[in-house]
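So you can see what is in the structure, the chains are spelled out below.
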Amino acid sequence: MLELSSVTVGYRSEMVLTDLDLAIGTSGAAITALLGPSGCGKSTLIRAIAGLEPLSGGAISFDGEDLAPVPVHRRDFGVVFQDGQLLPGRTVTDNVAYGLRVRRRPKREIAERVGELLELVDLAGFGSRKAAELSGGQQQRVALARALAPRPRLLLLDEPLSALDRQLRERLALQITEVIAATATPTIVVTHDHTEAAMMADRIAVMEAGRIIQYDVPEKLWRTPRTESVARFIGCTTICDGAVRGGVLDSSLGSVPIDLPDGPVRLGLRPEAVMVGPVTGGRPVGRAVHVASLPDGVRVRLSTAGLELDAVSDIRVEVGADVGFTLDPNRIAIITEASIGCR
Ligand code: ADP
Ligand code: MG
């Protein structure tokens, strides 16, 4: 178990992490994503866990041991940064062997372990290449192999994919999770992309302005974001209030059956939760103010009941036309810390 309690870290007088609490299970190959907007302190947190940033307050412990007196190289954590930080003029083998040489492991063991890892990251045969002569994706796989070579008890990945193009990112995200599973290394992976977080992780810790505000499995995060800002961060573009009575949710955007106890609720709507259809009696109506054809279907921005909301459509929609719409109760997010108003 990695436990952070009231962790505070700052640069000069400005505090970046403030009273941050988080407890992460570290058995097996559990992957936690640390998700948050740029500048919220994700890298600072990773550096603090790795021992690269001193704490101004609070404590970090691993399996009950306080890490404060444990220097970086004795924490047994593997770290991969955004740009991998390989030794560019050295060979792939030298780079992967680095941590084992520092630990003065026997030559034979180093050669075996390097071979094993290059196989695992699908770079067998690349050992004698210079790191600088590899593509971005290959370099990140070398960085991953290097971090894993000394069998760390925790792997920390700080936006390992963000320098790569989208297609490669998705492929590498899956490959990294396979390597993590094969080596059974508990991992924290930083990302600012909620889809990438869900692709890779069992649990997601959402960070905002130096704190963790929600730590949940992905399904719970999508269904029940804790605050409006979390809802917006995971893709809800409209926030709206409603009320549940007898298993029916009523709001200015219509009524749908929902499995919730009676009372006021606050909804987060991402486009997929709102389906456009023909105008029929009983269905709420909105005016299409913007229409875009996306690869996975038509996206419509609707103006209705004094607010704008995004919707998906299976039918052709003209800008300016009135269309009906329905909420999909299985795709609505219920914000658990409620307050009032639509926006
Ligand atoms: P993230 O990784 O979530 O984008 P960072 O942890 O890199 O966020 O940065 C959080 C805040 O700390 C930002 O406002 C950033 O400008 C500031 N910061 C980061 N590193 C330093 C540093 N070495 N010195 C001063 N301020 C820093
Ligand atoms: Mg960062």
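- Named according to an unreviewed UniProt entry, the protein chain is ABC-type quaternary amine transporter originating from Williamsia limnetica.

**Examining the site of ligand 1**
No. 1: Around ligand 1 lies a shell formed by Y11, R12, V16, P37, S38, G39, C40, G41, K42, S43 and T44.
No. 2: Contact between ligand 1 and C40: an oxygen atom at 3.3 Å from a main-chain N or O atom of the residue.
No. 3: One of the side-chain nitrogen or oxygen atoms of T44 is found 2.5 Å away from an oxygen atom of ligand 1.
No. 4: Protein coverage of the free-state accessible area of ligand 1, which is 560 Å², stands at 60%.
No. 5: The greatest single-element share of the shell around ligand 1, amounting to three residues, is contributed by helix α1 (residues 42-50).

**What to know about the domain arrangement of the protein chain**
No. 1: Partitioning the protein chain into domains gives domain 1 (2-228) and domain 2 (235-335).
No. 2: Summarising the inter-unit geometry, the C-alpha centres of domain 1 and domain 2 are found 38 Å apart.
No. 3: If you look at the interface, domain 1 gives eight residues, while domain 2 gives eleven residues.
No. 4: Buried surface at the junction of domain 1 and domain 2, summed over both partners, amounts to about 700 Å²; 45% is from carbon and sulfur atoms.

**Re the sheet that holds strand β9 (residues 203-208)**
No. 1: Strands sit in the order β6-β7-β8-β3-β9-β10 across an open sheet of six strands; the sheet is mixed. Edge positions in the open sheet fall to β6 (77-80) and β10 (211-216), since each of these has one partner strand only. Strand-to-strand twist of the sheet, defined as the mean angle between neighbouring strand axes without regard to direction, takes the value 20°.
No. 2: Along the sheet, helix α4 (residues 136-148) makes contact with β6 and β7 (154-158), crossing β6 at roughly 170°.
No. 3: Packed onto the sheet, helix α5 (residues 166-183) meets β3 (31-35), β7 and β8 (187-191) and runs at close to 170° relative to β7.

**Some points on the packing of aromatic side chains**
No. 1: The tally for this structure, following the rule as stated, stands at one aromatic pair.
No. 2: Taken together, a centroid distance of 5.5 Å and an interplanar angle of 50° make the contact between F62 and F77 tilted. Placement of the pair is F62 in strand β4 (residues 57-62) and F77 in strand β6, with a sequence separation of 15 residues.
No. 3: For R203, the ring lying beneath its charged end belongs to Y215, and the centroid distance is 4.8 Å.

Conventions adopted
Residues numbered from 1 in each chain as written. Chains lettered and ligands numbered in written order. Predicted model: local features only at pLDDT ≥ 70, side-chain atom pairs only at ≥ 80, totals over all residues. Heavy atoms only, no water. Near = heavy atom within 4 Å. Polar contact = N/O pair within 3.5 Å; in protein donor to acceptor, adjacent residues only side chain to side chain. Areas by Shrake-Rupley, 256 points an atom, 1.4 Å probe, with all protein chains shown as cover. Helix = DSSP H or I, 4+ residues; strand = E, 2+ residues; numbered from the N terminus. Domains from an automatic or database assignment. Contact = heavy atoms within 4.5 Å. Buried area = accessible area lost by both parts, 1.4 Å probe. Pairing = 2+ DSSP bridges. Axes fitted to C-alpha atoms, helices over the stretch in contact; angles between N-to-C directions. Phe/Tyr/Trp six-rings, centres within 6.5 Å; stacked < 30°, edge-to-face > 60°. Lys NZ or Arg CZ within 6 Å of the ring centre and 35° of its normal.

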